[in-house]
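Observations on the three-dimensional arrangement
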Amino acid sequence: MNIPTPILYAGENATLEASKILFEKNIKRVFIVTGKHIYASGLLNNLLDEIRKNNIDFYIFTDLSSNPSIDDVEKGVIKYKEFNAEAILAFGGGSPMDCAKVIGARIVRPSLSVSKMKGLLKIRKKLPFFIAIPTTAGTGSEATIAAVISNHDTLEKYAISDPHFVPNVAILDPNLIVELPNKITSTTGMDALTHAVESFIGNSNTKQTKIWAIAAIKLIFENLEESYNNPSSIRARENMLLASCYAGLAFTRAYVGYVHAIAHALGGYYNIPHGLANAIILPEVLEYYGSSIYKKISCLYDQLKLGPNDYTEKEKCKVFIEKIKTMNKNMGIPNSIDEIKEQDIKILAQRAEKEANPLYPVPRLFSLCDFEKIIIKIKGE
């Protein structure tokens, strides 16, 4: 696929660039997708003031859940059409961005239902002009071809992927995330780490995706706990936004693996926050991969200078995984998910296997039994 890269603006108060861009594009009506809590927080206010100064009309759509659903998308499509919008601006974490992407897809492909968009390359048409402004440092959705949508009727959560989902512009403003609650800082940061690690160890990586993944992992190891412990650190916050974006650029080309497959199953079934699920599952899946990832993880160990050079590949892999576990522990992330019920394990494993096999470019294939073992391992007592 010919995957575009968004035009990137980064730095303090970079958010205000969005108004200038809309004005220069002669866009008169913009549809803003954001969450209720984000809107109530006032984070949008400065940007809205600038948009008003440029005589641009806007509609703010906040009617979406933490895991956006087909119903949320359809509500947005109705409002977009009623407002007669010309562009989309997604302001928030992965949920507003995913919802905005699929609203845009439904606008340009009105005869294609959201459920029929599931999978790869179903859109095949340019979306309305699209600006993405993340308010978390985790999903990397501002740089990816993917959107994840929930179907509340079937309790499924699935990905829709198309190069046209990549926003035209991505704006990374650390001022937007200095007040982020610690719980969101930690889990979204581990989400970005999962993207970077899975893209690096998978079998579809390239020289460029490995460069992005290494840069992301290094920035996360150096800045995530600093962001958690010192939320007002602009430097750490900006570095985490960059890490999330780099990880997004990497995984949208090299793709993800079994951590995401299991996390999507848990998210669809129990509404577990995606970043939290990834954080808990990541070290377990890495351990389960065993020798199939020793060489690649030891390369990361060497690049990041995590310890002595004379360790074996197996020892280096163990140090890397322990680093992830320690980060989780230091940020209060548990090592199990209490919501998992014994009677659900088989269907969760089936859904993860169906999503991932045979197309995910994983280091080695898991059987249904393998998925069940991992889910049992992370099940709370």
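Residues numbered from 1 in each chain as written. Predicted model: local features only at pLDDT ≥ 70, side-chain atom pairs only at ≥ 80, totals over all residues. Heavy atoms only, no water.

Structural notes on the overall build of the chain
Put simply, the test is: Counting from the N terminus, the helices are DSSP H or I runs at least four residues long and the strands are E runs at least two residues long. Restricting the calculation to C-alpha atoms gives the radius of gyration, and the globule rule supplies 2.2 Å times the number of residues raised to the power 0.38. Burial classes follow relative accessibility: with a 1.4 Å probe on protein chains only, a residue under 20% of its type's maximum area counts as buried, one over 50% as exposed, and anything between as partly exposed. We call two residues in contact whenever any of their non-hydrogen atoms come within 4.5 Å of each other. Using the Shrake-Rupley algorithm and a 1.4 Å probe, accessible areas are obtained, with residue cover drawn only from the displayed protein chains.
A tally of regular secondary structure across the chain gives 15 helices and nine strands. Taking 2.2 N^0.38 as the reference for a compact globule, 381 residues should give roughly 21 Å; the C-alpha atoms of the chain span a radius of gyration of 20 Å, in line with that estimate. Counting only C-alpha atoms, the chain reaches 60 × 45 × 40 Å along its principal axes. A buried classification covers 58% of the 381 residues belonging to the chain. Once local pairs closer than 6 in sequence are excluded, the contacts in the chain between residues at least 24 apart make up 78%. A total of about 15,900 Å² of accessible surface is found on the chain, and carbon and sulfur atoms cover 51% of it.

Focus on the environment of Ala236
Along the polypeptide, Ala236 turns up in helix α9 (residues 234-254). Overall, the relative accessible area of 0% leaves Ala236 in the buried class. The spacing of Ala236 and Glu225 is 11 residues in sequence and 9.0 Å in space, taken between C-alpha atoms.

Some points on the sheet that holds strand β7 (residues 146-151)
What counts here: Only strands joined by at least two bridges in the DSSP assignment are considered to pair. Every angle, taken between N-to-C directions, lies between 0 and 180 degrees, and every axis is a line fitted to C-alpha atoms, over only the stretch in contact when it is a helix.
Across the sheet, three strands lie side by side as β5-β8-β7; this open sheet has mixed pairing. Of all the strands in the sheet, the pair left with one neighbour each is β5 (119-120) and β7. Bridging between β5 and strand β8 (residues 156-161) involves two bridges; their strand directions are parallel. Counted as the bridge partner of Gly119 is Ile160 from β8. Its contacts with the sheet place helix α5 (residues 94-108) against β7 and β8, and it is angled at close to 90° to β7.

Some remarks on the environment of Leu47
Position of Leu47 relative to the elements: it lies in helix α3 (residues 45-53). Separated by 28 residues in the primary sequence, Leu47 and Ser19 place their C-alpha atoms 6.9 Å from one another. Those residues in contact with Leu47 that sit more than four places away from it in its chain are Thr15, Leu16, Ala18, Ser19, Leu89 and Ile133.

Some points on the nonpolar core
To be explicit about the condition: Nonpolar core, defined: a set of buried Ala, Val, Leu, Ile, Met, Phe, Trp, Tyr and Cys residues in which side-chain atoms within 4.5 Å join the residues together.
Judged by nonpolar contacts, the single largest core of 98 residues is most densely connected at Leu89, Ile131, Leu266, Leu286 and Phe320. Considering each element in turn, this core owes the most residues, 10 residues, to helix α8 (residues 207-229). Residues in contact with Ile131, not counting those within four places in the same chain, are Ala18, Ile21, Leu22, Ile88, Leu89, Ala90, Val169 and Ile171. Formed by 32 residues, the second largest nonpolar core is a distinct cluster that contains Val73, Val77, Ala90 and Met117.

A closer look at the pattern of salt bridges
Basically, it comes down to this: Salt bridges are counted wherever a side-chain nitrogen of Lys or Arg sits within 4 Å of a carboxyl oxygen of Asp or Glu.
Applying the stated criterion across every chain, the model contains 15 salt bridges. With a closest N to O distance of 3.6 Å, Glu17 and Lys20 form a salt bridge. Here Lys20 and Glu17 lie together in helix α1 (residues 17-24), a separation of three residues that amounts to about one turn. Its relative accessible area of 25% is what places Glu17 among the partly exposed residues. A salt bridge links Arg106 to Glu74; the nearest nitrogen and oxygen atoms lie 2.9 Å apart.

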